[in-house]
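What follows is the residue order along each chain.
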Amino acid sequence: MSQEQPVCRRLPGRTAVVTGAGSGIGLATARRLASEGAHVVCADIDERAGKAAADETGGLFVRTDVTEPDQVEALFAAAHETYGSVDVAFNNAGISPPEDDSILTTGLDAWRRVQDVNLTSVYLCCRAAIPYMRRQGRGSIVNTASFVAVMGAATSQISYTASKGGVLAMSRELGVQFAREGIRVNALCPGPVNTPLLRELFAKDPERAARRLVHIPLGRFAEAEEIAAAVAFLASDDSSFVNAAEFLVDGGIAGAYVTPL
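Our subject in this report is the structure included herewith. (Residues numbered from 1 in each chain as written. Predicted model: local features only at pLDDT ≥ 70, side-chain atom pairs only at ≥ 80, totals over all residues. Heavy atoms only, no water.)

### A look at the overall build of the protein
The secondary structure content of the protein amounts to eight helices and seven strands. Relative to the 2.2 N^0.38 estimate, which gives 18 Å for 261 residues, the radius of gyration of the protein is 17 Å and therefore close to what a compact globule would have. Principal axes of the C-alpha set define a box for the protein whose edges measure 50 × 40 × 40 Å. Taking contacts inside the protein between residues at least 6 apart in sequence as the whole, the part at least 24 apart equals 72%. Total accessible area on the protein stands at roughly 12,300 Å², and carbon and sulfur atoms take up 54% of it. Side-chain charges of the protein comprise 24 positive and 30 negative groups, with the mean position of each set lying 3 Å from the other. (Helix = DSSP H or I, 4+ residues; strand = E, 2+ residues; numbered from the N terminus. Rg over C-alpha atoms; globule rule 2.2 N^0.38 Å. Contact = heavy atoms within 4.5 Å. Areas by Shrake-Rupley, 256 points an atom, 1.4 Å probe, with all protein chains shown as cover. Lys, Arg positive; Asp, Glu negative; His and termini not counted. Charge placed at Lys NZ, Arg CZ, Asp CG, Glu CD.)

What follows is the structure, encoded as structure tokens:
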């Protein structure tokens, strides 16, 4: 995929908060939003990676554990205090640990940890962002769900799947609740993405990788920049009538029965 910067600048002067900005989809999105003119606030628990992302994009780094309510509140307060608005919230931080597997083998501690990072954090970020957006009378929230929120898999990661289903349902409800206040909330549902997280997972289990790849009509995993482009669209006024949606960017997985040879 080409990684040339887009020629359009749809977000000049707007403030975008990106969680999990230090790597993968979050980093690609921070770069894309900055290239479209946004002030990017990079949140990550990894101080080195998050600061590097902020330095690269000319933005602000706020070290944030997205499972801690006080830290999440401080993140959005810092965004508003620094740039004067909170226009976009890309609530993207998430984990997919190997101990999250079949329901028969996944322990309660692993279940709770994934729920905290993947679902509770989105609840906390939305709760923190929405009051700023209500006062402004506008805002776009993009929550990272997954194509597994709409499909089942025999190669289960039970807590991850359940957490992303929760993100999808919560995004739909918030999008409906706050629509007439100028706030749009959408659930981004990526297919498998060629990120360090996925590469690490599949390097440990090549058979699992091959078993999943065969179901993608396009015949490859997504690149992070392709997902970032979808976030930029949802963040911008180009998507002004897209709300409470499950926005699939999955290479056709959810529409496939028999894939090409």
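### Considering the sheet that holds strand 4 (residues 88–91)
Strands sit in the order 3-2-1-4-5-6-7 across an open sheet of seven strands; the sheet is parallel. Every other strand in the sheet has two partners, leaving strand 3 (60–63) and strand 7 (246–249) as the edge strands with one partner each. Taken over all neighbouring pairs, the strand axes of this sheet differ in orientation by 20 degrees on average, direction set aside. The sheet contact formed by strand 1 (residues 15–19) and strand 2 (residues 39–44) spans five bridges and is parallel. Along strand 2, the bridge assignment pairs V17 with V41. In this fold helix 5 (residues 158–177) packs onto strand 5 (139–144), strand 6 (183–190) and strand 7, with an angle of close to 155 degrees to the strand it touches most, strand 6. (Pairing = 2+ DSSP bridges. Axes fitted to C-alpha atoms, helices over the stretch in contact; angles between N-to-C directions.)

### Observations concerning the pairing of strand 2
Within a regular beta strand, the side chains point alternately toward one face of the sheet and then the other, so they alternate between its two faces. Buried residues dominate strand 2, accounting for five of its six residues. As for the winding sense of the linkage, the β-α-β connection from strand 1 through helix 1 (residues 24–35) to strand 2 is right-handed. For the handedness criterion, the β-α-β arrangement of strand 2, helix 2 (residues 47–57) and strand 3 is classed as right-handed. (Buried < 20%, exposed > 50% of the residue type's maximum accessible area, 1.4 Å probe, protein only. Right-handed = clockwise from strand over helix to strand, strands pointing away.)

### Here we look at the side chain of D250
Mapped onto the secondary structure, D250 falls in the segment after strand 7. The buried charged residue D250 lacks any salt bridge, with R220 as its nearest oppositely charged partner at 11 Å. Polar side-chain contacts of D250 include one of 3.0 Å to the backbone nitrogen of G252. At a separation of 2.8 Å, a polar atom in the side chain of D250 contacts the main-chain amide nitrogen of A254. What D250 contacts, discounting residues up to four positions off in sequence, is F147, C189, G191 and I216. (Salt bridge = Lys/Arg side-chain N within 4 Å of Asp/Glu carboxyl O. Polar contact = N/O pair within 3.5 Å; in protein donor to acceptor, adjacent residues only side chain to side chain.)

### Description of the nonpolar core
Judged by nonpolar contacts, the single largest core of 32 residues is most densely connected at L75, F76, I130, M133, I141, L174 and I183. Counting only elements with at least two residues in this core, the list comes to strand 2, helix 3 (69–83), helix 4 (108–136), helix 5 and strand 6. A total of nine residues in this core trace back to one element, the largest contributor, which is helix 4. With near-sequence residues (within four places) excluded, F76 lies in contact with V17, V86, A89, N91, C125, A128, A129 and Y132. (Core = buried A, V, L, I, M, F, W, Y, C linked by side-chain atoms within 4.5 Å.)

### Quick look at the packing of helix 1 against helix 8 (residues 224–235)
At a minimum axis separation of 8 Å, helix 1 and helix 8 run at an interaxial angle of 55 degrees. Compared by their axis directions, helix 1 and helix 8 come out oblique. When the axes of helix 1 and helix 8 are compared, the crossing they make is right-handed. Between helix 1 and helix 8, the contacting residues are G24, I25, A28, T29, R32 and L33 on the first element and A224, E225, I227, A228, A229, V231, A232 and A235 on the second. Looking at the contact of helix 1 with helix 8 residue by residue, the class counts come to ten nonpolar, two polar and two charged. (Parallel < 35°, antiparallel > 145°, perpendicular 65-115°, else oblique. Left-handed = near helix turned anticlockwise from the far one by under 90°. Nonpolar A, V, L, I, M, F, W, Y, C, P; charged D, E, K, R; others polar.)

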